[in-house]
Amino acid sequence: MKVTLERTELLKSLTHVHRVVERRNTIPILSNVMLQAEGGNLNLKATDLDLEVVESIAAMVETPGATTVPAHMIYEIVRKLPDGSQVVLETSGDDSTMEIRAGRSRFALQILPVTDFPDLTAGEFTHSFTMTAGGIRKLIDSTQFAISTEETRYYLNGIYMHSLDAGNGLRFRAVATDGHRLAQAELEAPEGSDGMPGIIVPRKTVGEIQKLLDDPEAEIKVEISETKIRFTIGDIILTSKLIDGTFPDYERVIPKGNDKELRVDRDAFKEAVDRVSTIASDRGRAVKMALSEGKIVLTVTNPDSGSATEEVAVEYDNEEFEIGFNSKYLLDIAAQLEADTALFTLADSGSPTLVRDEGSDEAIYVLMPMRV
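Thresholds, definitions, all that
- Sequence order sets the numbering: in each chain, residues are counted from 1 along the sequence as written.
- Only residues with pLDDT of at least 70 are given local features in this predicted model, and only at 80 or more are side-chain atom pairs given and counted; all residues enter the totals for whole chains, interfaces and linings.
- The basis for every side-chain value is the complete set of heavy atoms in the structure, and neither hydrogens nor water enter the calculation.
- UniProt positions are given in the numbering used here, feature names are shortened, and annotations may be inferred rather than shown by experiment.
- Helical segments are the DSSP runs of H or I of at least four residues, strand segments are the runs of E of at least two, and each set is numbered from the N terminus.
- By the convention used here, strands pair only if DSSP detects at least 2 bridges between them.
- Working convention: axes come from line fits to C-alpha atoms, limited for helices to the stretch in contact. Angles between N-to-C directions cover 0 to 180 degrees.
- Pairs of residues are marked as contacts when any of their non-hydrogen atoms sit within 4.5 Å.
- Should an angle fall under 35 degrees it is called roughly parallel, over 145 degrees roughly antiparallel, and 65 to 115 degrees roughly perpendicular, with every other angle called oblique.
- A crossing counts as left-handed when the near helix is turned anticlockwise from the far one by less than a right angle, and as right-handed when that turn is clockwise.
- In this classification, Asp, Glu, Lys and Arg are treated as charged, Ala, Val, Leu, Ile, Met, Phe, Trp, Tyr, Cys and Pro as nonpolar, and every other residue, Gly included, as polar.
- For the exposure calls, accessible area comes from a 1.4 Å probe over protein chains only, and a residue counts as buried if that area is under 20% of its type's maximum, exposed if over 50%, partly exposed in between.
- Pairs of N or O atoms within 3.5 Å make up the polar contacts considered here, provided that, within protein, one atom can donate a hydrogen while the other can accept it, and that residues adjacent in sequence are counted only when both atoms are side-chain atoms.
- Salt bridges are defined as contacts in which a side-chain nitrogen from Lys or Arg sits within 4 Å of a carboxyl oxygen from Asp or Glu.
- What is meant by a nonpolar core is a set of buried Ala, Val, Leu, Ile, Met, Phe, Trp, Tyr and Cys residues, joined one to another through side-chain atoms within 4.5 Å.

Looking at an unreviewed UniProt entry, the protein carries the name Beta sliding clamp, with the source organism given as Pseudovibrio japonicus. One UniProt comment on the protein, placed under Subcellular location (unreviewed entry), says "Cytoplasm". The Subunit (unreviewed entry) field of the UniProt record for the protein holds the comment "Forms a ring-shaped head-to-tail homodimer around DNA."

**Student:** Tell me about the UniProt feature "domain: DNA polymerase III beta sliding clamp N-terminal" (unreviewed entry) in the protein, and name the residues and values.
**Tutor:** Under the present numbering, the feature "domain: DNA polymerase III beta sliding clamp N-terminal" (unreviewed entry) in UniProt falls on residues 1-120. Helix makes up 18% of residues 1-120 and strand 46%, and the two end C-alpha atoms of the span are 24 Å apart.

**Student:** Pulling in residues and values, what's your account of the sheet that holds strand β8 (residues 97-102)?
**Tutor:** Strand order in the open sheet formed by five strands is β5-β1-β7-β8-β9, and the pairing between neighbours is antiparallel. Looking at strand neighbours, the two that pair on one side only are β5 (60-63) and β9 (105-110), the edges of this open sheet. Ignoring strand direction, the axes of neighbouring strands in this sheet form an average angle of 20°. Of the strand pairs in this sheet, β8 and β9 are connected by six bridges, and their pairing is antiparallel. Looking across to β9, one finds that A102 is bridged to S105. Across the face of the sheet, helix α1 (residues 7-18) comes into contact with β1 (2-6) and β7 (86-91) while running at roughly 95° to β1. Across the sheet, helix α2 (residues 71-80) touches β8 and β9, and the angle it forms with β9 is around 175°.

**Student:** So what's going on with the packing of helix α3 (residues 133-143) against helix α4 (residues 203-212)? Which residues, and what values?
**Tutor:** Between α3 and α4, whose axes approach to 10 Å, the crossing angle comes to 135°. By the criterion of interaxial angle, the relationship of α3 to α4 is oblique. The interaxial crossing formed by α3 with α4 has left-handed handedness. Contact residues: α3 offers I136, R137, I140 and D141, while α4 offers V206, I209 and Q210. Across the contact of α3 with α4, the residue classes break down as four nonpolar, one polar and two charged.

**Student:** Account for the environment of D244, with residues named and values stated.
**Tutor:** Within the element layout of this structure, D244 appears in the loop between β17 (236-241) and β18 (260-265). Expressed as a C-alpha distance, the spacing of D244 and P202, which sit 42 residues apart in the sequence, is 9.9 Å.

**Student:** Mind laying out unusual backbone geometry, listing which residues take part and the relevant values?
**Tutor:** The phi angle at L49 is positive, at roughly 80°, despite the residue not being glycine. You can see L49 is positioned in the loop between β3 (41-47) and β4 (51-58). Assessed through its relative accessible area of 35%, L49 is described here as partly exposed. You will see that D95, though not glycine, has its phi angle at about 55°, which is positive. Take D95: its relative accessible area is 51%, and that puts it in the exposed class.

**Student:** Which residues make up the side chain of Q210, and what values go with them?
**Tutor:** Looking at the secondary structure, you find Q210 in helix α4. Overall, Q210 belongs to the buried group, its relative accessible area being 17%. When neighbours within four sequence positions are excluded, Q210 is seen to be in contact with R137, I140, D141 and Q144.

**Student:** Can you break down helix α6 (residues 327-336) residue by residue, with the values?
**Tutor:** Side chains that are three or four residues apart share a direction in an α-helix, a result of its 3.6 residues per turn. Here α6 lies mainly inside the structure; seven of its ten residues are buried. Where α6 is concerned, the buried positions are S327, Y329, L330, L331, D332, I333 and A334. Capping the start of α6, N326 holds a side-chain oxygen 2.8 Å from the backbone nitrogen of K328, two or three residues further along.

**Student:** Quick one: what's the story with the pattern of salt bridges, residue by residue and with numbers?
**Tutor:** Considering all chains together, one arrives at 30 salt bridges under this definition. Between D259 and K260 there is a salt bridge; the shortest N-O distance is 3.7 Å. Residue D259 is classed as exposed on the basis of its relative accessible area, which comes to 54%. Its relative accessible area of 6% is what places K260 among the buried residues.

**Student:** Residue-level account of the nonpolar core, with values.
**Tutor:** With 99 residues, the main nonpolar core has L10, L35, L42, I74, L89 and L298 as its most contacted residues. When residues in this core are grouped by element, the largest group, five residues, is from α2. Once residues within four sequence positions are removed from consideration, I74 is found in contact with L14, V33, L35, V69, M98, I100 and L109. In this structure, Y160, I200, F247 and I254 belong to the second largest nonpolar core, which totals twelve residues.

Structure below.
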């Protein structure tokens, strides 16, 4: 195999594929990226057996062929090559090494046979539709922070996506929860998504897709089966296994009868919570909210370091009461809100609270209270 291409193009593509490769691998071939030169293209492919990324870039192919080289090593080498240089990739005659040449630099990397490289067989996809990159990013950004990191509840380690008839037409909805908070975002369902199975997209896949969505206007092809999901983003194809589990009935968690409404300036609230939580310990991040007419008083008490209080002007004219929240969870939700005014719908100090942008139902957040 012998191929010549621009360093910038190669680096961009390696950046996309090498992230899939785990730093530590018990199976040597999984540490490698597959390079395949044919026609006028170089195809790069990397996998961790659950997730696979393939990208095709234009190249001058003198000798077609395929090989596999250590992914993180080739990425670091190409990253350090001079900008604007032409890179030559050539395998040795005995197929034991691949040479990388650019300017006066020469590298020889150990290679593994391409026949050992695993293929994530996709099988049949039952549903196929197109979404804008901006739409997918909005769903992910609004919900990703609530994905659980508890491995024991593996079915919460991703974003649940499904289409449903919500009374205002067919909607495509994304939901994530860790048992303490829940995030739900939705948009108009794309054509072809009707009747798709409810799927749980793993956390790592979600993170990788997010990094590939550069142009918000770009059209992304999404294909879904019972066990896999595939995204086609320009010349990049990302295929991933889905989490094999049942997502809990999240609708039951979303409070329907909360009758106390509180409106507050999003930025003023966020900054006040951030300030008072400075004093909170890492273990107990509780912030107490005392609600009374026209104001809330935020209080944090840490027996080891002291206390902090701050008053924030709000629109509230219901009965006075106190409720506690995890300050980090409050800040995570506040960071996702887009409108200038946040709307909190509360019931009492022991029931979940609903948070959303005023005037919009596209994203809603549920937060469980803490004892303070």
